[in-house]
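Here is what each chain is made of, one letter per residue.
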Amino acid sequence: MKLGILGLPNVGKSTLFNALTNAGAESANYPFCTIDPNVGVVAVPDERLDFLAEMYHPKKFTPATIEFVDIAGLVKGASKGEGLGNKFLGNIRGTDALIHVVRCFDDANIIRHECSTDPKGDIETVDLELIMADLEMVQRRLEKAQKYVKSGDKKYTKEADLMARLAAWLDAGKSARSFPCEGDEAEMVAQSDLLSLKPVIYAANMDEDGFAQAEESDYYKQVKAIADAEGSMVLPVCARFEQDIAELDDPADRELFMEELGIRESGLERLIKCSYALLGLISFLTCGPDECRAWTITRGTKAPQAAGKIHTDFERGFIRANIIAFDDLKACGSEAAAREKGLLRAEGKEYVMQDGDVTHFLFNV
């Protein structure tokens, strides 16, 4: 999973990136501090995998990972080359989802293009740049489809009609995420690689006081109203807190610091949960003396396709999947005990994988 962190300049993107990845990206109080996108890969915390590692003592321990891309701040006119322009729009294009950082606190010392704190306006500014970049692309597809129709190739009629409606929608300043379509049309739009179609998590970056009472913040309420209206997610964070937590090397110190702040989970853990939910992802687990590993798949994936995540031969020669639900395995204490209680299941090609399935695939090629 690849998540792009974006927003206007000086809203806390790089500070949050540092906190999530502990990668030490430069964070300074001036626009365009981030020129090339910083990239950090982090392990997905999973207590289930930790438990299996304690049980099997494997030679190799492989958690699922998330790649974070810290994208430089966008400004008005980016889709027309303003600021650092389309280079950053290209960096956004390669991501699975967007973490849109929005500043939700006042600080007169922060340099920014606009003079006041305005979460709603900031979101609209970034959205509009993505929408305008999409509009250019859709108009090019529309022109191409119309040429084919005029030349007598009627199979492009449906595409031309769809692109015309989508272009009008984008031209009205509405994102592709909210474009009403279903079936074949939805599939065609999904394959169009549109920036404003990407799922979004709004990270409402708050100061210490605001974070302590996030639900009461007028700035946070602005962001939540937008997220609710478009079916996105919103997550209150204090990027400075998160960076302070990330800089503590000792897990016990981190836990104590978080306890003092009244934080039960780190921003990384909360963000990962949001990302999995937003993208409809789950994890299944494989374990043994050689390796314990978590595999990320889309909810609804059937057993043969899950096996294919490990190796294409597993899918091609799939016979069955031997599965124990993690909670059953943990309660029994061992695979042998779970088998004795009849909790080991043999599942076939139509089985839909569940989150936390501890799985052994049988195949023959």
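It should be noted that the structure appears before, not after, this text.
In what follows, the accompanying structure is described. Every chain begins its residue count from 1, and numbering advances along the sequence as written. Note on the predicted model: pLDDT of at least 70 is required for a residue's local features to be given, and 80 or more for side-chain atom pairs to be given and counted; whole-chain, interface and lining totals, by contrast, use all residues. Where side-chain values are given, they derive from all heavy atoms of the structure, hydrogens and water being excluded.

This next bit is on the sheet that holds strand S6 (residues 200–205). Paired strands, as defined in this entry, are two strands with at least two bridges between them according to DSSP. Secondary structure elements are taken from DSSP: a helix is a run of H or I of four residues or more, a strand is a run of E of two residues or more, and numbering for both begins at the N terminus. Reading across the sheet, the six strands line up as S2-S4-S1-S5-S6-S7 and stay open at both edges, with mixed pairing between neighbours. In this open sheet, the two strands that pair with only one neighbour each are strand S2 (38–43) and strand S7 (233–237). Looking at each pair of strands side by side, their axes are set apart by 25° on average, direction ignored. Bridge count for S6 against S7 is five bridges, and the pairing is parallel. Residue pairing in the sheet places Tyr202 in a bridge with Val234 of S7. Should any heavy atoms of two residues lie within 4.5 Å, those residues are counted as being in contact. Helix axes use the C-alpha atoms of the stretch in contact, all axes being lines fitted to C-alpha atoms, and the angles between their N-to-C directions lie in the range 0 to 180 degrees. Together, strand S1 (2–6), S2, strand S4 (65–70), strand S5 (97–103), S6 and S7 form the strand contacts of helix H11 (residues 267–279), whose direction differs from that of S7 by roughly 180°.

Okay, the nonpolar core next. The term nonpolar core refers to a set of buried residues drawn from Ala, Val, Leu, Ile, Met, Phe, Trp, Tyr and Cys, joined through side-chain atoms within 4.5 Å. The buried label goes to any residue with under 20% of its type's maximum accessible area, the exposed label to any with over 50%, and the partly exposed label to all in between, with areas taken from a 1.4 Å probe on protein chains only. Of all hydrophobic cores here, the largest spans 67 residues; its most connected members are Leu52, Ile66, Phe68, Ile92, Ile99 and Tyr202. The residues touching Phe68, leaving out its near neighbours within four places in the chain, are Leu3, Ile5, Phe17, Leu20, Thr21, Asn38, Val39, Gly40, Val42, Ile99, Leu268 and Leu271.

Each pair of packed helices gets described by two things: the angle between the helix axes and the distance between those axes. Following both chains from N to C, one finds helix H4 (residues 119–150) and helix H5 (residues 157–171) inclined at 155°, their axes separated by 8 Å at the closest point. Our classification of the angle between H4 and H5 gives roughly antiparallel. In this structure, the crossing between H4 and H5 has a hand that is left-handed. Listed contacts from H5 to Ile131, Met132, Asp134, Leu135, Val138, Arg141, Leu142, Ala145, Gln146 and Val149 of H4 are Thr157, Glu159, Ala160, Met163, Ala164, Leu166, Ala167, Leu170 and Asp171. Lys, Arg, Asp and Glu make up the charged group, whereas Ala, Val, Leu, Ile, Met, Phe, Trp, Tyr, Cys and Pro make up the nonpolar group; the residues left over, Gly among them, are polar. The class makeup of the residues in the contact of H4 with H5 is 13 nonpolar, two polar and four charged. Put simply, angles under 35 degrees are roughly parallel, angles over 145 are roughly antiparallel, angles from 65 to 115 are roughly perpendicular, and the rest are oblique. Handedness of a crossing follows from how the near helix is turned relative to the far one, being left-handed for an anticlockwise turn of less than a right angle and right-handed for a clockwise one.

Right, let's talk about a negative patch on the surface for a bit. Like-charged residues are merged into a patch within 9 Å and nonpolar side chains (Val, Leu, Ile, Met, Phe, Trp, Tyr) within 5 Å, provided each residue has over 30% relative accessible area and no salt bridge. Only the protein chains shown count as cover for residues, with accessible areas throughout obtained via the Shrake-Rupley method and a probe of 1.4 Å. In what follows, salt bridge is the name for a side-chain nitrogen of Lys or Arg lying within 4 Å of a carboxyl oxygen of Asp or Glu. The charge count includes Lys and Arg as positive and Asp and Glu as negative, but it does not include His or the ends of the chains. Taken as the charge centre is NZ of Lys, CZ of Arg, CG of Asp or CD of Glu, depending on the residue. A cluster of like negative charges, contributed by Asp106, Asp107, Asp207, Glu208 and Asp209, occupies part of the molecular surface. Among the structural elements, Asp209 can be located in helix H7 (residues 208–212).

Turning our eyes to something else, we now look at the environment of Tyr56. Among the structural elements, Tyr56 can be located in helix H2 (residues 47–56). C-alpha separation for the pair Tyr56 and Cys292, spaced 236 residues apart in sequence, amounts to 7.9 Å. Excluding its chain neighbours within four sequence positions, the residues that come into contact with Tyr56 are Cys287, Gly288, Pro289, Cys292 and Glu335. Two N or O atoms form a polar contact when they lie within 3.5 Å of each other; inside protein one atom must be a possible hydrogen donor and the other a possible acceptor, and for residues adjacent in sequence the pair counts only when both atoms belong to side chains. Side-chain polar atoms of Tyr56 contact the side chain of Glu335, separated by 2.7 Å.

Moving on, we come to the environment of Trp295. Inspection of the secondary structure puts Trp295 in strand S9 (residues 291–298). Note: C-alpha distance between Trp295 and Ser283 (twelve residues apart in sequence) is 5.3 Å. A distance of 2.9 Å separates the side chain of Trp295 from the side chain of Thr286, its partner in a polar contact.

Before going further, it helps to examine the packing of H4 against helix H8 (residues 218–230). Orientation of H4 relative to H8, taken along the N-to-C sense of each, is 40°, at an axis distance of 8 Å. As judged from the angle between their axes, H4 and H8 are oblique. Contacts between H4 and H8 pair Pro119, Lys120 and Ile123 from the former with Tyr219, Gln222, Val223 and Ile226 from the latter. Here the contact of H4 with H8 is built from residues that sort into five nonpolar, one polar and one charged.

Looking now at the pattern of salt bridges. Following the criterion strictly, the structure yields 19 salt bridges and no others. With a shortest N-O distance of 3.9 Å, Arg270 and Glu242 are connected by a salt bridge. Residue Arg270 is found in helix H11, and its partner Glu242 is found in helix H9 (residues 239–246); the two are separated by 28 residues along the sequence. Each member of the pair, Arg270 as well as Glu242, carries the same accessibility label: buried. Note that Arg293 is salt-bridged to Glu291, the shortest N-O span being 3.8 Å.

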